[in-house]
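What follows is each chain in one-letter form.
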Amino acid sequence: DQVGPIVEGLVQNGITGFYVCGSTGEGPSLTTEERRATAEAYVEATGGRVPVIVQVGHNSVAEARGLACHAQAIGADAISAVPPSYFKIGTLETMIDCFVEIASGAPELPFYCYHICKLTGVDFDMVEFLRLGSERIGNLAGIKYSSVTVYELQACLEYQDGRFDILFGCDEMLTSGLSVGVCGFVGSTYNFAAPLYRRIIENFQKGNLEEARKGQALSVAMVRILSRYRDQAGIKATMKLIGLDCGPNRLPHKTLTAQEISAMKRELEEIGFFEWAVKPNVK
């Protein structure tokens, strides 16, 4: 029920795309039917105004392929996937085998590898992935790069004269991404701090580097607060603070208590969060 208001609020605040059923949306903790319903809700709510990328990764490659097929059928604009992570992937070639199978479920859609080794434990050379993957994954479009190794991020951006679309997923390092040429960003805190990040990008592009740095410092402060409140749980509670209650967390995440939310709210107030958050509706 909250998808419509989320979409409207973010589009009005300059967001130019949606990445659905990823880490922030607790995609891996949802049932397959819930993931399908969520993807459908976002495609319907955006109405083609901005692209919707659906994250279809699953420990079952067959299930991931089915989610990819569904994403194409409902009119999503692209798919993305984390590799299976329960049974450890031993080689880059095996990871590509998995992605070949998954991407084949939606051959008409661009496919993005979701590189988030902090959660998956899968960490191969991403430039080598682009080289080998492009030979076997016909619809490979790029990488959602959620790792702090900016030198590799830059190498991916520059591979084959910028052939691939590399989206950076580290909110607190947005200016680092801008400095090496990133043009697209996908992040958790953009859900409630989009105006701040738009200002950072605009200042960077205008050459106002000191103002961009100050904005990034606010982002860092915000992320540090959220990390003290169990990251994803803090993110979901912050959505509630701005008036978009997305409900409790799914296990293994633990929902913040009322006392924790109150304490986190005080810390966010201290850095001026509600002055630059998306449509604040603090109660």
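All values reported here derive from a predicted model rather than from experimental measurement.

### Here's the deal with the sheet that holds strand β3 (residues 78–81)
- Spatially, β1-β2-β3-β4-β5-β6-β7 is the arrangement adopted by the 7 strands of the open sheet, whose pairing is parallel. Strand pairing shows two members of the sheet lacking a second neighbour, β1 (18–20) and β7 (184–185), which therefore form its edges.
- Looking at chain direction, strand β2 (residues 52–55) and β3 are connected through 3 bridges and run parallel. Across the sheet, V54 pairs through a bridge with I79, a residue of β3.

### Thoughts on helix α9 (residues 190–205)
- Taking 1.5 Å of rise per residue, 16 residues should cover 22 Å, yet α9 covers just 19 Å from first to last C-alpha, more than 12% shy of that figure.
- All of the buried residues in α9 are Y190, F192, A193, A194, L196, Y197, I200, I201 and N203.
- Where α9 is buried, its residues contact α1 (3–12), α8 (174–179), β7, α10 (209–228), α11 (232–241) and α13 (273–276).
- Note on α9: the residue one or two positions beyond its end, G207, has a positive phi of about 85 degrees.

### Digging into the pattern of salt bridges
- Taken as a whole and judged by the stated rule, the model has 11 salt bridges.
- Note that E8 and R49 form a salt bridge whose closest N and O atoms lie 2.7 Å from each other. Here R49 lies in the loop between α2 (32–46) and β2 and E8 lies in helix α1, a separation of 41 residues in the sequence.
- A residue is classified by how much of its surface remains accessible, and E8, at 32% relative accessible area, is partly exposed.
- The exposure class assigned to R49 is partly exposed, which follows from its relative accessible area of 43%.
- R228 is the partner of E267 in a salt bridge, and the nearest nitrogen-oxygen pair spans 2.6 Å. Of this pair, E267 sits in helix α12 (residues 258–270) while R228 is found in helix α10, placing the two residues 39 residues apart along the sequence.

Calculation notes
- Residues numbered from 1 in each chain as written.
- Predicted model: local features only at pLDDT ≥ 70, side-chain atom pairs only at ≥ 80, totals over all residues.
- Heavy atoms only, no water.
- Pairing = 2+ DSSP bridges.
- Helix = DSSP H or I, 4+ residues; strand = E, 2+ residues; numbered from the N terminus.
- Expected span 1.5 Å × (residues − 1).
- Buried < 20%, exposed > 50% of the residue type's maximum accessible area, 1.4 Å probe, protein only.
- Contact = heavy atoms within 4.5 Å.
- Salt bridge = Lys/Arg side-chain N within 4 Å of Asp/Glu carboxyl O.

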